[in-house]
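Here are the chains, one letter per residue:
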Amino acid sequence: MAASPSAPSTSTCNWQDTIRLRLVERDAQQRSYEGIISQYRRLAQQALLLKEQNQTLLRAGARAGSGKPGEGGADNPLQAALVSSLQSQLHSARDELTLLYKTQSQSSQRLLTMNETLRERDELVRAQDGELGALRTQVERLQRKHEEDREGRREREKGIQAIEDELEMTRLELAQMEQRNLGLRNDNAALLQRWLDLKNEEAERMNDANRFYEELARRGRPSMDGGSRAGDTETDLDGFSTDGEKVEALSVSGAGSDAGK
């Protein structure tokens with residue numbers, strides 16, 4: 001139902017276009033025969049004129065044959081017919097000359113119009129050439145700018161790539177340093193533990209020696225050697241206590257330094 005209103009309008013446009021095309025074809029066909037028709041019209045006019053002149057001459061000749069032999073001059077009908085024919089030809093020639101002048105004037109006016117149109121078109125073409133040159137210059141400038149931007153982008157990408165490479169190398173170096181520091185901390189902790197174990201073993205040996213001498217002293221074997229050994233034992237015990245304090249202080253300091261690391 002919605003397509004029904006458009007169908008008549010379409011058909012109307014179609015037959016109107018058909019009529020218009022047929023009229024244009026008819027006009028073109030008629031214009032193609034205008035030259036032949038004008039020439040035929042001129043030929044018919046000349047034929048009619050020649051026929052009238054021929055009839056006039058025939059009538060003048062008949063009158064001249066029926067007249068007296070001695071008569072002549074201005075009253076001669078043959079001469080009058082010839083004069084009339086020549087005047088008619090002159091008028092026809094003048095009309096043709098007038099028509100030719102008119103046609104020449106029209107052609108000149110048309111030529112001037114065409115020259116003016118050609119000049120305007122030449123000016124338009126020159127203006128378009130100027131605009132085209134300006135556009136070409138602008139396009140070349142934009143192309144150079146685009147190339148410069150592309151080159152700058154390439155340089156920036158190269159710089160960014162170099163910075164990323166340096167950053168990656170720095171990260172690798174940092175990871176290696178952290179690994180090395182972790183290894184050093186582990187080595188320090190192992191060395192400290194070994195040193196503490198060694199000191200503890202020395203302290204145990206000294207404690208065993210002290211207990212041995214104390215046991216001898218309790219059994220009642222006082223002697224000079226024993227006294228001297230007891231003195232040495234007390235000296236060793238004093239040294240052991242001092243060394244024990246040193247070991248404890250060293251272990252505390254080592255633990256503090258390890259926690260700091």
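See the structure shown above.
A brief look at the structure comes next. (Residues numbered from 1 in each chain as written. Predicted model: local features only at pLDDT ≥ 70, side-chain atom pairs only at ≥ 80, totals over all residues. Heavy atoms only, no water.)

## Examining the overall build of the chain
For the record, the criterion: Under the scheme used here, helices are H or I runs from DSSP no shorter than 4 residues and strands are E runs no shorter than 2 residues, and both carry numbers assigned from the N terminus. Contacts between residues were defined by any pair of non-hydrogen atoms, one from each residue, lying within 4.5 Å. Residue burial considers only the protein chains on display, and all accessible areas are found by Shrake-Rupley using a 1.4 Å probe.
Within the chain one finds four helices and zero strands. Along the chain, helices (α) and strands (β) appear in the sequence α-α-α-α when read from the amino end. Of the contacts formed within the chain by residues at least 6 apart in sequence, a portion of 67% connects residues at least 24 apart. About 22,100 Å² of surface is accessible on the chain, with carbon and sulfur atoms providing 55% of the total.

## Some thoughts on a negative patch on the surface
Basically, it comes down to this: Residues enter a patch when their relative accessible area is above 30% and they make no salt bridge; the linking distance is 9 Å between like charges and 5 Å between nonpolar side chains (Val, Leu, Ile, Met, Phe, Trp, Tyr). Salt bridges are identified by distance alone: a Lys or Arg side-chain nitrogen within 4 Å of an Asp or Glu carboxyl oxygen. Only four residue types enter the charge count: Lys and Arg as positive, Asp and Glu as negative, with His and the chain ends excluded. Throughout, a charge is located at the NZ atom of Lys, the CZ atom of Arg, the CG atom of Asp or the CD atom of Glu.
Taken together, Glu164, Asp165, Glu166 and Glu168 make up a surface patch of like negative charges. Relative to the helices and strands, glutamate 164 resides in helix α3 (residues 77-218).

## Details of the pattern of salt bridges
Which entries qualify depends on this criterion: Type-normalised accessible area, obtained with a 1.4 Å probe on protein chains alone, sets the label of each residue: buried when under 20%, exposed when over 50%, and partly exposed for intermediate values.
Overall, the coordinates contain nine salt bridges when judged by the stated rule. Two residues, arginine 154 and glutamate 151, come together in a salt bridge whose shortest N-O distance is 3.8 Å. Taken together, the residues span about one helical turn, with arginine 154 and glutamate 151 both in helix α3 at a distance of three residues. On the accessibility criterion, glutamate 151 (39% relative accessible area) is partly exposed. Across the salt bridge formed by glutamate 215 and arginine 219, the nearest N and O atoms sit 3.6 Å from each other.

## Topic: the packing of aromatic side chains
We count it as follows: Here the aromatic set is Phe, Tyr and Trp, taking the six-membered ring for Trp, and pairing holds for ring centres within 6.5 Å; pairs whose planes are under 30 degrees apart are stacked, those over 60 apart are edge-to-face, and all others are tilted.
Per the stated rule, a full pass over the model turns up one aromatic pair. Between phenylalanine 212 and tyrosine 213, the ring centres sit 5.8 Å apart and the planes meet at 65°, which makes this aromatic pair edge-to-face.

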